[in-house]
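Here's the letter readout for the chains.
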Amino acid sequence: MRSASQILSLAFLCAAIVAMGLGGLTTSPAQAGEVPLPNIAKAYKGEQCVEPVDVMRRNHFEFLMHQRDETLREGIRGQKYSLNDCVDCHAVASPDVADGKLRTLKPFCKECHEYAAVSIDCFGCHTGAAVPGIGKQSSLPANHGDKASIAVLEAHLNAERQGGTDQ
Amino acid sequence: MNEKTMSTPETDVDTSRRNLLKGGAAAAVVTLAPGVTLRTVEAAVTGPATSAQRWGMLIDATAPEHLWDLAVEACKAEQGWGPEYNTSGKANPLTDPQWIRKVSVKDPKTGAKATLPVMCQHCAKPPCVDVCPTGASMKRADGIVLVDKHICIGCRYCMMACPYSCRSFVHEDVKNQRPHMPRGKGTVESCTLCVHRVDAGQKPACVEALNNAGSNAIIFGDLNDPNSDISRAVAKHVTQRIRADLDLEPGVHYRGI
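Residues numbered from 1 in each chain as written. Chains lettered and ligands numbered in written order. Predicted model: local features only at pLDDT ≥ 70, side-chain atom pairs only at ≥ 80, totals over all residues.

### Details of the overall build of chain B
Here comes step 1: When you go through chain B residue by residue, the secondary structure sums to eight helices and 11 strands.
Here comes step 2: Counting over 257 residues, chain B shows a buried share of 37%.
Here comes step 3: Considering only intrachain contacts with a sequence separation of at least 6, the fraction spanning at least 24 residues in chain B is 60%. (Helix = DSSP H or I, 4+ residues; strand = E, 2+ residues; numbered from the N terminus. Buried ≥ 20, exposed ≤ 12 C-beta atoms within 10 Å, placed from the backbone. Contact = placed C-beta atoms within 7 Å.)

Next up, the structure:
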C-alpha cells in the first residue's frame, strides 16, 4: 500500500514530465541544476521547412546522409534535402561566430547537438556559412511575427487539403 | 513555426506540402491573398551521371607556359585550396595540397622541352579506386574520379597507387572552404574535373579561365559524343596520354609533349 506522500510525489513527477513535454524544445527556463534546454535560433527566412518540423527533428540526418551519397556518388543534383539549403534558410548571425558578421548554422544546429551530446563531423569540412547565391529552396522572407501571413498560408493549405487537388 | 502547423498530423502536412511542391516548374508563385504570395523555387533535379558520357580534356602542351599558371590560379580560386586556406595561414610547400600543377619536362637526349599542367587524369581504370579500403575513392558513371570524403579515412593508399602523384592529403586544418567543395584535415583530395560545374552544364574552372584569356589550350568535353569539340580535336590531332603504357585509359589527353 502506497503512502499518500508517495502518490503525491508520483503525481508531481507526472505533471513535471507533461510540463516538459509541452515546453518542448522551445524556451522553458532551466531548472536549477538542469542542463538548459536548447534555444534554437529562428530561421533567417522561410516559414515552412521541406518537411514538417517534427519530421525534420527526427529524421534530418537520414535525409542528409542519403542524399549526400546520391549527390556525390551518382551525380543526382537538385533534390529536396541539401545542406546548402539548410544554410540558405537556417544560417543566422550570432555574436559567438565571427562577431556576428557571418551567417552560420552554428546557432541553429549546435544548440540541440550539444544538448543531446551528439558529435557530428559535418562542419569539419562544410563551413555552414552563408555565401550569396547558394541554396534555392526558400525565397519567402522570414517574418515570424506576421501571424496574418501564416494564417493565410494555413488557410491555403487547408483548402488545398480539403479540395483534394492532386496535381 | 507556429503551433498549429506543428500539431497538425504529419501525414496531412506532408501531403499538402508535397502537392504544393509538386505544383510545377522551376518557380511557382501561389497567390494566397492580395499582397501575400507564396513563392516555391524548386530547382530541377538533374542526373544521375551515366556512362553515356565520358568527360575528358585535351591539353595542348605547346601553348604558352603562362597559361598554366592561370589554370592553377583558377583552380585554387574555384575550389578553395592553397596556403591562404590553411588555418595556420602559413605555406608549407612540402605538404600543401596541389590539385593541379605546372610540370616542365625535357628529353635528355634531344634537349626538347615542354611545360604542361598535370592534374587527376580521370582514368577509366583508376588504380586509386582499386586500392581504396573503404570505397571512398570512386569513379562516377561518367568517368569522373572523386574522393568521397565522407568515408575517406585518410590512409593515403590511393596517393601511393596513383602513377601521376595527383592526389594530395590535407595535413592541416583548413578554413573558408567553398560551399560546393568542403575540405577538411585528414582526407585525400584531387581534381574533381569541377564536377559541380559540369553537372550544371558548365566547363571546369581552368578551361573557362583559359577561354576568358582567349586561349583554347585546354578543350573540355564528352569523348563519347562524336560531335563534341574534344572528340573532333582528338580525331584530328595525334594525342597521347601520360604513361599510356600503364593502360589506365586516362580521360585527359595531351598533344605536343
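### Structural notes on helix 3 (residues 66-79) of chain B
Residues and elements named next belong to chain B.
Here comes step 1: Over its 14 residues, helix 3 runs 20 Å from end to end, which matches the ideal 20 Å to within 8%, given 1.5 Å per residue.
Here comes step 2: Buried within helix 3 we find L67, W68, A71, V72, A74, C75, E78 and Q79. The buried residues of helix 3 occupy an angular sector of 160° when projected down its axis, which confines them to one face. Looking at helix 3, the residues exposed on the side facing more than 90 degrees away from the buried face are H66 and D69.
Here comes step 3: Buried positions along helix 3 lie against strand 4 (100-106), strand 5 (113-119), helix 7 (205-212) and strand 10 (218-222).
Here comes step 4: The first or second residue beyond helix 3 is G80, which carries a positive phi of 75°. (Expected span 1.5 Å × (residues − 1). Arc of directions from axis to C-beta.)

### Remarks on the packing of helix 3 of chain B against helix 7 of chain B
Residues and elements named next belong to chain B.
Here comes step 1: At a minimum axis distance of 8 Å, the contact between helix 3 and helix 7 shows a crossing angle of 130°. In terms of orientation, helix 3 and helix 7 fall into the oblique class. Where helix 3 crosses over helix 7, the handedness of that crossing is right-handed. Residue-level contacts link L67, L70, A71, A74, C75 and E78 of helix 3 to A205, C206, A209 and L210 of helix 7.
Here comes step 2: Class assignment of the residues belonging to the contact of helix 3 with helix 7 gives a composition of nine nonpolar, no polar and one charged. (Axes fitted to C-alpha atoms, helices over the stretch in contact; angles between N-to-C directions. Parallel < 35°, antiparallel > 145°, perpendicular 65-115°, else oblique. Left-handed = near helix turned anticlockwise from the far one by under 90°. Nonpolar A, V, L, I, M, F, W, Y, C, P; charged D, E, K, R; others polar.)

### Considering unusual backbone geometry
Here comes step 1: Residue B:P48 is bonded to the preceding B:G47 through a cis peptide linkage, with omega at 0°.
Here comes step 2: At A:A117, a residue that is not glycine, the phi angle is positive and equals roughly 55°.
Here comes step 3: A:A117 gets classed as exposed once you count the C-beta atoms within 10 Å, which come to 7.
Here comes step 4: Within the chain, B:D247 stands out as a residue other than glycine whose phi angle is a positive 60°.
Here comes step 5: As for its position among the elements, B:D247 is in the loop between helix 8 (229-236) and strand 11 (252-255).

### Quick word on the pairing of strand 4 of chain B
Residues and elements named next belong to chain B.
Here comes step 1: Alignment of strand 4 against strand 5, held across seven bridges, turns out to be antiparallel. Following the sheet pairing, K102 is matched in strand 5 by P117.
Here comes step 2: Linking two consecutive strands that pair antiparallel, namely strand 4 and strand 5, is a turn of six residues; a positive phi of about 85° is found at G111 within it. (Pairing = 2+ DSSP bridges.)

### Points about the sheet that holds strand 3 (residues 55-60) of chain B
Residue and element names in this part refer to chain B.
Here comes step 1: The mixed open sheet is built from three strands, whose spatial order is 10-3-11. Among the strands making up the open sheet, the edge pair consists of strand 10 and strand 11. Taken over all neighbouring pairs, the strand axes of this sheet differ in orientation by 20° on average, direction set aside.
Here comes step 2: Here strand 3 pairs with strand 10 via five bridges, running antiparallel. Within the sheet, the bridge partner assigned to I59 lies in strand 10 and is I218.

### Section: helix 3 (residues 83-90) of chain A
All names here are of chain A.
Here comes step 1: In terms of burial, helix 3 is largely enclosed, as seven of its eight residues are buried.
Here comes step 2: Among the residues of helix 3, those classed as buried are L83, D85, C86, V87, D88, C89 and H90.
Here comes step 3: Packing partners of the buried residues in helix 3 comprise helix 2 (53-74) and helix 4 (106-115).

### Let's talk about the confidence of the model for chain B
Residue and element names in this part refer to chain B.
Here comes step 1: The predicted model of chain B has a mean per-residue pLDDT of 87, with 83% of residues at 70 or higher.
Here comes step 2: The low-confidence segment residues 1-27 (pLDDT under 50) makes 35 contacts with residues lying over four places distant or belonging to another chain.
Here comes step 3: With pTM at 0.74, the complex prediction returns an ipTM value of 0.78. (pLDDT = per-residue confidence, 0-100.)

### Some words on the nonpolar core
Here comes step 1: Counting residues in each nonpolar core, the largest one holds 54 residues, and the members touching the most others are B:I59, B:A71, B:C75, B:I100, B:C206, B:L210 and B:I218.
Here comes step 2: Residues in contact with B:C206, not counting those within four places in the same chain, are B:A71, B:A74, B:C75, B:I100 and B:I218.
Here comes step 3: Core analysis: the next-biggest nonpolar cluster, separate from the first, contains 11 residues, A:A43, A:L83, A:V87 and A:C109 among them. (Core = buried A, V, L, I, M, F, W, Y, C linked by C-beta atoms within 7 Å.)

### With respect to the environment of B:L146
Here comes step 1: Among the secondary structure elements, B:L146 is positioned in strand 7 (residues 145-147).
Here comes step 2: Considered as a pair, B:L146 and B:A136 are 10 residues apart in the sequence and their alpha carbons are 8.1 Å apart.
Here comes step 3: Excluding residues that lie within four positions of it along the chain, B:L146 makes contacts with A:L72, B:M138, B:R140, B:T192 and B:V195.

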